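# Geometric and topological summary
Listed below are the residues making up each chain.
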Amino acid sequence: MQRVLSFTVAAFCGALLVGPAGAQSTHGQTPMEPSAAVEELLKQDTDGDGKVSLEETLAPQKERFKELDANGDGVVTGEEASAAFKAQIPPEVLEKMKAQGMPEPGEVFLKRLDSSGDGKVDLAEFGEPTAMTFKVVDADGDGFATKPEIEAFVAEMFKRIQERIERMEQEQSATPQ
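Every residue gets a number counted from 1 within its own chain, in the order that chain's sequence is written. Selection of residues for local features in this predicted model requires a pLDDT of at least 70, selection of side-chain atom pairs for listing and counting requires 80 or more, and totals for whole chains, interfaces and linings are taken over all residues. For the side-chain quantities, the full set of heavy atoms in the structure was used; hydrogens and water were omitted.

On to the overall build of the chain, then. Each helix is a run of H or I in the DSSP string that is no shorter than four residues. Each strand is a run of E no shorter than two, and both are numbered from the N terminus. Helices and strands together make up the secondary structure of the chain, namely eight helices and four strands. Out of the 177 residues in the chain, the part that is buried amounts to 31%. Here a residue-residue contact requires only that any non-hydrogen atoms of the pair lie within 4.5 Å. Summarising the internal contacts of the chain: among those between residues at least 6 apart in sequence, 56% fall at separations of at least 24. By element, 56% of the accessible surface of the chain is carried by carbon and sulfur atoms, the whole surface being about 11200 Å². Only protein chains enter the accessibility calculation, which uses a 1.4 Å probe; a residue whose area is less than 20% of its type maximum is buried, one above 50% is exposed, and one in between is partly exposed. A 1.4 Å probe and the Shrake-Rupley method give the accessible areas. Residues count as covered only by the protein chains that appear here.

Given below as structure tokens:
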């Protein structure tokens, strides 16, 4: 559970850092500032009540799922996930990934999201990490993420990301060339 939550938080914040178009290529974009990340999350408040519900948070996930489900059968296979990923990433990056022995994107997708182990991801599985993250953001557990809750969450995530970057830089500088 902790590992899934850590991955979810990392993925969630990664999406925030690269900008609002998580489904688009981020090649050449600059990282997002925390205040911009908060505003991006608040855009999910489609009913204008000043807070974000789980339903509002999952709505973009449903659209993304439809995009990934290339054949419209209600599940996303590793092949569909790989094809979608490869369509978004510059070819030179894909070559580097392959040269470094990184697994196929579809394999990673299934490993992270296929909780039933059937080799495909349905909409419920696809939305699970978002729902889990939402529960963390909704600190008071009332079913809504308010601006102060979102601000606190984003601040904590940016702090953790910065700490991780600093650790990685320290490890890299300590490694002999």
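Axis definition: a line fit to C-alpha positions, over the contact stretch in the case of helices; interaxial angles, taken between N-to-C directions, run 0 to 180 degrees. Closest axis-to-axis distance for the helix H4 (residues 78-88)/helix H6 (residues 105-113) pair is 7 Å, and the angle between their directions is 125 degrees. With respect to each other, H4 and H6 are oriented oblique. As for the relative orientation of H4 and H6, their crossing is right-handed in sense. Contacts between H4 and H6 involve Gly 78, Ala 81, Ser 82, Phe 85 and Lys 86 on the former and, on the latter, Pro 105, Gly 106, Phe 109 and Leu 110. Classifying every residue of the contact of H4 with H6 by side-chain character gives five nonpolar, three polar and one charged. To sort the angles, those under 35 degrees are grouped as roughly parallel, those over 145 as roughly antiparallel, those from 65 to 115 as roughly perpendicular, and the leftovers as oblique. In this scheme the crossing of two helices becomes right-handed for a clockwise turn of the near helix relative to the far one and left-handed for an anticlockwise turn of less than a right angle. As a working rule, the residues Ala, Val, Leu, Ile, Met, Phe, Trp, Tyr, Cys and Pro are called nonpolar, Asp, Glu, Lys and Arg charged, and the rest polar, with Gly in that last group.

Note on definitions: salt bridges are taken to be side-chain nitrogens of Lys or Arg within 4 Å of carboxyl oxygens of Asp or Glu. A complete count under the given rule lists six salt bridges for this structure. Its salt-bridge partner being Glu 104, residue Lys 86 comes within 2.9 Å of it at the nearest N-O pair. One end of the pair, Lys 86, is in helix H4; the other, Glu 104, is in the loop between helix H5 (91-99) and H6, with 18 residues separating them in the sequence. Of the charged contacts in the structure, one is a salt bridge between Arg 160 and Glu 156, with a shortest N-O distance of 3.1 Å. Residue Arg 160 and its partner Glu 156 are both found in helix H8 (residues 147-174); the two are separated by four residues, about one turn of the helix. With a relative accessible area of 47%, Arg 160 lands in the partly exposed category.

The subject of this paragraph is the confidence of the model for the chain. Confidence of the predictor at the level of single residues is given by pLDDT, which spans 0 to 100. Averaged over all residues, the pLDDT of the chain is 84; the fraction at 70 or higher stands at 81%. Taken together, the stretch residues 1-29 has pLDDT below 50 and engages in 41 contacts with residues farther than four places along the chain or on a different chain.

The next subject is the nonpolar core. The term nonpolar core refers to a set of buried residues drawn from Ala, Val, Leu, Ile, Met, Phe, Trp, Tyr and Cys, joined through side-chain atoms within 4.5 Å. Ala 145, Ile 150 and Val 154 are the most contacted members of the largest nonpolar core, which totals 13 residues. Within the residue set of this core, elements represented by two or more residues are helix H2 (34-42), helix H7 (123-137) and H8. If we skip the residues at most four places from it in the chain, Ile 150 touches Val 38, Leu 41, Leu 42, Val 52, Val 137 and Ala 145. One finds Val 76, Leu 113, Val 121 and Phe 126 within the second-largest nonpolar core, a separate group that totals nine residues.

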